[in-house]
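Chain by chain, the residues:
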Amino acid sequence: MAIDETNAAGAGAAAGGKRNFIHDIIDEHNRTGRFGGRVHTRFPPEPNGYLHVGHAASICLNFGIAETYGGKTNLRFDDTNPTKEDQEYIDAIIRDIHWLGFEWANLLYASDYFEQLYQWAETLIQNGKAYVDQLSADEIREHRGTLTEPGRNSPHRDRPTAESLDRFRRMRAGEFKNGEMVLRAKIDMSSPNINLRDPVLYRILHAHHPRTGDAWCIYPMYDWAHGQSDSIEGITHSICTLEFEDHRPLYDWFVEQLGIYHPQQIEFARVNVTTMITSKRKLLRLVKDGVVRGWDDPRMPTISAMRRRGYTPKAIRDFVEMVGVSRSGGIADIQMLEYCVRQDLNKIAPRTMAVLHPIKVVLTNYPEGQVEWFDSPVNPEDPTAGTRQVPFSKELYIEAEDFMETPPPKFYRLSPGKEVRLRSAYFVTCSEVIKDADGRIVELRCTYDPATRGGDAPDGRKVKATLHWVSAAHAVTAEVRLYDYLLTVPKSGDMDEDKDFMEYVNPNSLEIIDHAYIEPSITGAPVGKQVQFERVGYFTVDPDSTAEKLVFNRTVTLKDEWTKLQKQGG
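In this report, we go over the structure that sits alongside the text. (Residues numbered from 1 in each chain as written. Predicted model: local features only at pLDDT ≥ 70, side-chain atom pairs only at ≥ 80, totals over all residues. Heavy atoms only, no water.)

**Some thoughts on the packing of aromatic side chains**
For any pair of aromatic rings, the description consists of the separation of the ring centres together with the inter-plane angle of the planes.
Item 1. Counted by the stated rule, this structure contains 24 aromatic pairs.
Item 2. Each ring, one from Y426 and one from Y448, has its centre 4.8 Å from the other, and the planes form 70°; the classification is edge-to-face. Of this pair, Y426 sits in the loop between β18 (419-422) and β19 (427-435) while Y448 sits in strand β20 (residues 441-449), and the two are 22 residues apart along the sequence. For the pair Y426 and Y448, one class covers both residues: buried.
Item 3. Within the aromatic cluster, the residues linked to one another by ring pairs are F114, Y118, F168, Y202, W216 and Y219.
Item 4. Over the aromatic face of Y109 sits the side chain of R211, whose NZ or CZ is 3.8 Å from the ring centroid.
Item 5. Over the aromatic face of W99 sits the side chain of R307, whose NZ or CZ is 5.3 Å from the ring centroid. (Phe/Tyr/Trp six-rings, centres within 6.5 Å; stacked < 30°, edge-to-face > 60°. Helix = DSSP H or I, 4+ residues; strand = E, 2+ residues; numbered from the N terminus. Buried < 20%, exposed > 50% of the residue type's maximum accessible area, 1.4 Å probe, protein only. Lys NZ or Arg CZ within 6 Å of the ring centre and 35° of its normal.)

**Concerning the sheet that holds β18**
Item 1. Here we have seven strands laid out as an open sheet, ordered β21-β18-β19-β20-β14-β17-β22, and mixed in their pairing. In this open sheet, the two strands that pair with only one neighbour each are β21 (466-467) and β22 (470-471).
Item 2. Strand direction decides the pairing type here: β18 and β19, joined by three bridges, are antiparallel. Each residue of the ladder has a partner; that of V420, found in β19, is V428. (Pairing = 2+ DSSP bridges.)

**Quick word on the sheet that holds strand β24 (residues 510-518)**
Strand pairs in the sheet, formed through backbone hydrogen bonds, run parallel or antiparallel to each other.
Item 1. Pairing within the open sheet is mixed, and its seven strands lie in the order β12-β25-β26-β27-β23-β24-β13. A single partner strand is all that each edge strand has here, and the edge strands are β12 (351-352) and β13 (354-355).
Item 2. Pairing of strand β26 (residues 537-541) with strand β27 (residues 550-557) involves five bridges; the strand directions are antiparallel. Bridge assignment links V541 to a residue of β27, and that residue is F552.
Item 3. Packed on one face of the sheet, helix α12 (residues 334-348) meets β12, β25 (530-533), β26 and β27 and runs near 120° to β27. (Contact = heavy atoms within 4.5 Å. Axes fitted to C-alpha atoms, helices over the stretch in contact; angles between N-to-C directions.)

**A word on the pattern of salt bridges**
Item 1. Applying the stated rule across the entire model yields 49 salt bridges.
Item 2. Between E115 and R172 there is a salt bridge, with its nearest N and O atoms 2.8 Å apart. Pair noted here: E115 is in helix α4 (residues 114-126) and R172 is in helix α6 (residues 161-173), with a separation of 57 residues, a long-range link.
Item 3. Accessibility expressed as a relative area gives 28% for R172, which makes it partly exposed.
Item 4. Among the salt bridges present, the one from D166 reaches R170, with a minimum N-O distance of 3.3 Å. In this pair, D166 and R170 both sit in helix α6, four residues apart, roughly one turn of the helix.
Item 5. Looking at D166, the relative accessible area reads 38%, which means it is partly exposed. (Salt bridge = Lys/Arg side-chain N within 4 Å of Asp/Glu carboxyl O.)

**A closer look at the side chain of D79**
Item 1. Residue placement: D79 occurs in the loop between β2 (72-77) and α3 (87-100).
Item 2. Although buried, D79 forms no salt bridge, and the nearest oppositely charged side chain, R211, lies 4.5 Å from it.
Item 3. A distance of 2.6 Å separates polar atoms of two side chains, one belonging to D79 and the other to S111.
Item 4. Once residues within four sequence positions are removed from consideration, D79 is found in contact with P47, E85, Y109, A110, S111, F114, H209 and R211. (Lys, Arg positive; Asp, Glu negative; His and termini not counted. Polar contact = N/O pair within 3.5 Å; in protein donor to acceptor, adjacent residues only side chain to side chain.)

Below you can see the structure in the form of structure tokens.
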């Protein structure tokens, strides 16, 4: 199938967004000349999974801040754990950032700095600020203490400098097994900040690295690589989420001990969204256990999944801007994100008529073999889009829910003896209901009024319902996938910690309609093409489509709960 590129955001996507406290910090730095007026940010993902909606917020913030101040942003992969990293993740991250509409100044890897990080580790040892420890991981954890109790010194903490240096070099040379030794910073085991209680800087890991191969068998911990990588790259503002606030004193200690360039770390609250899981560990389990079809399954919260589902880069950026940037945590409503998607697609998505749950309508007084073509707007929001031609014939399909044999009050759609409008076509009246042996309705026999061609009656009579329809003889058969939320509870915090989160996964999050009928204007639609099925919702052509059969993902319904909640003050 062809790929539709029309909704890939161009360079210069939404800059900085609404003003926030980070702008205030940068403005003060520029006023005092701290960084010489430079603004250089970075986005440093770990290549151990796909990016999700929370990462999208961080991407928009880091790239947007730099754009606002005419600065630069680096994309740096923190590839310090070869056992969990994969080129698939690197490729997906690059693809997602480009799709969101951003371009980095430099594409870098923490592994670019492995030698420099190692040399700096030796410097700490030589200055009495690091030592090789032989405690096991469990013993280190036990010695670390708790939030209310100080830690205890390792028996190896006062090992002679020369001995630690020798062992560290032998660690690098591959003389020891995994877990046999680690390098730890020597800071303060009684610090109220547990991150300062002699954190591990290096561990032995005999594993093949995707970029450095087998050149290394010791790898730096994230905390050791993170701040120094920022320093090497000349990052001015190291923007990260609030869980790293308690790590900032550690990063400060490292750069002060080494006497190297000092970036400014700034923390903000991560973006969480109702009904979405953002734990990489949990997302990986959903993939590996086959609950979803992959990282880009449209039910997933990943950027790749949102793209496949039919979300647009603009909608995601608009959502991020609506949520804003703050230091107080919170959870954004999924309906706010859906509102942004709806708003964008309403402007750009061409209309087409599709019947998902069909019931046949036969117009008994329509000429046999006759076909008419009606002009219908491609997009009423965009007059320049023009019109499309829709075929009309004796046999049609309408939605089953648009007919009731015994309707309740205020049901204005089709029922026996009632007249309705078929969009852009004619008024029709139901005259007979045909059922099978089991009593199920299989066909409606109706009459049409030729005088109402185009949808209006010359005598001025009105109807209270307009239905969409598809000509049976011209219908394109397609598969349609309807998605519901992946979680049965709105917030992950609502889940019982004593239960497996899988117990909260919605078993009915996917409904597949194998035979939906769509008007023929959809023929040849490329993968990624977004359309509005009139009166139904927004849909996107899925990569599973073939030349023989299109597959559509429901992107979002037409119903707008977010606007309703806002009007109610919800």
